[in-house]
Amino acid sequence: MQVHAKHYLMLLFLAAIWGSSFPFLKIALESYSPILTVAMRLTLSAIAMSAFIYAFKLKIPTELRVWKHYAVVAVIGNIVPFFLITWGEQYIDAALASVLMGLIPLATLIFAHYLTEDEKMSLNKLLGVVLGGGGVVVLIGVDALQGFGAHILAQLAVIFAACCYGLSAVYARRSKITQYHPLANAAGILICSAVFSLPIALLVDDVSTFTFNVRSLSALLVLALACTCFAYFLLYNLLAQVGATFTSFNNYLVPVFGMIISVILLGEPINSSTYTALTLIFIGLLLSQKKSKRLSLMSR
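Residues numbered from 1 in each chain as written. Predicted model: local features only at pLDDT ≥ 70, side-chain atom pairs only at ≥ 80, totals over all residues. Heavy atoms only, no water.

(A) Spotlight on helix H6 (residues 104-115). Taking 1.5 Å of rise per residue, 12 residues should cover 16 Å, and H6 covers 16 Å from first to last C-alpha, within 8% of that figure. Listing the buried residues of H6 in full gives Ile104, Pro105, Ala107, Thr108, Leu109, Ala112 and His113. (Helix = DSSP H or I, 4+ residues; strand = E, 2+ residues; numbered from the N terminus. Expected span 1.5 Å × (residues − 1). Buried < 20%, exposed > 50% of the residue type's maximum accessible area, 1.4 Å probe, protein only.)

This is the structure:
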């Protein structure tokens with residue numbers, strides 16, 4: 001798989017979109033519970049993506065086999081990680097959760113090695129992933145690791161969520177759904193996610209207690225249209241064109257863009273560690289794309 005400049009730009013754009021989701025999510029949570037927020041976000045995204053499919057006269061695959069794959073990706077890539085992260089962050093700091101989520105590229109690299117034929121682990125890929133992970137730790141701060149070991153079940157929940165994200169990306173490639181149009185894939189997966197999540201939210205939450213709020217609803221629409229619909233379009237384009245390992249590096253860049261956006265919107269100062277972290281992440285990304293010998297230790 002050949003990586004071009006446009007793929008780096010797409011990766012940066014994807015990370016910027018997901019990095020900007022945090023302030024909008026915070027606003028949405030002013031009026032809605034976490035479970036209902038995600039369920040509504042996925043449902044609005046599914047409706048919007050279906051409208052895009054109709055507008056562009058595209059077709060969502062109708063084969064039952066494909067929809068089974070969509071359902072699997074929806075569960076392991078959306079539903080399960082959300083519930084695990086939501087539960088886990090009740091007991092651990094967000095900073096530690098961010099570091100643990102930085103395991104996504106490593107999990108993706110391992111799953112891709114064993115489950116795909118064209119994304120085998122190499123020394124450069126492994127070193128690149130480790131450097132990127134180091135960049136995340138530098139960005140968030142070593143102090144975030146001080147709580148590691150306490151609330152072990154919550155930490156394991158977040159780690160398992162990171163593994164789910166990595167597995168879902170690899171599964172999407174292995175199942176060959178990436179051969180279909182990215183908009184069609186995004187629509188199918190979001191429809192399955194909405195069908196699974198909305199009933200759960202309605203059962204768990206008492207929706208009668210929530211009040212209408214223009215500010216929160218506007219934030220929810222941004223989350224649905226920009227941070228989910230368009231982001232998924234970029235995500236499945238990248239998965240199809242350059243694979244899961246390269247795409248997973250957006251998880252290292254998301255906190256960087258989240259911090260940059262906070263600086264722009266909130267006027268917070270940029271710490272010198274931000275530049276160090278960004279340098280480590282980009283060196284890791286570039287190194288991961290340089291060809292080197294496969295690690296025989298990891299061969300099947």
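After that view, the rundown keeps rolling.
(B) Fine view of the nonpolar core. Ranked by internal contacts, the top residues of the largest apolar core, which has 68 residues, are Ile177, Ile189 and Tyr236. Considering each element in turn, this core owes the most residues, 13 residues, to helix H10 (residues 214-242). Discounting chain neighbours no more than four positions away, the residues touching isoleucine 177 are Val66, His69, Tyr70, Val73, Ala172, Asn185 and Ile189. Leu100, Ile104, Ala161 and Ala162 belong to the second-largest nonpolar core, a separate cluster that totals nine residues. (Core = buried A, V, L, I, M, F, W, Y, C linked by side-chain atoms within 4.5 Å. Contact = heavy atoms within 4.5 Å.)

(C) Looking closely at the side chain of threonine 108. Mapped onto the elements of the fold, threonine 108 is located in helix H6. The class of threonine 108 is buried, set by a relative accessible area of 1%.

(D) Examining the confidence of the model for the protein more closely. On average, residues of the protein carry a pLDDT of 80, and 81% of them reach 70 or more. When the elements of the protein are averaged for pLDDT, helix H5 (residues 94-101) gives the smallest value, 66, and helix H9 (residues 182-204) the largest, 91. (pLDDT = per-residue confidence, 0-100.)

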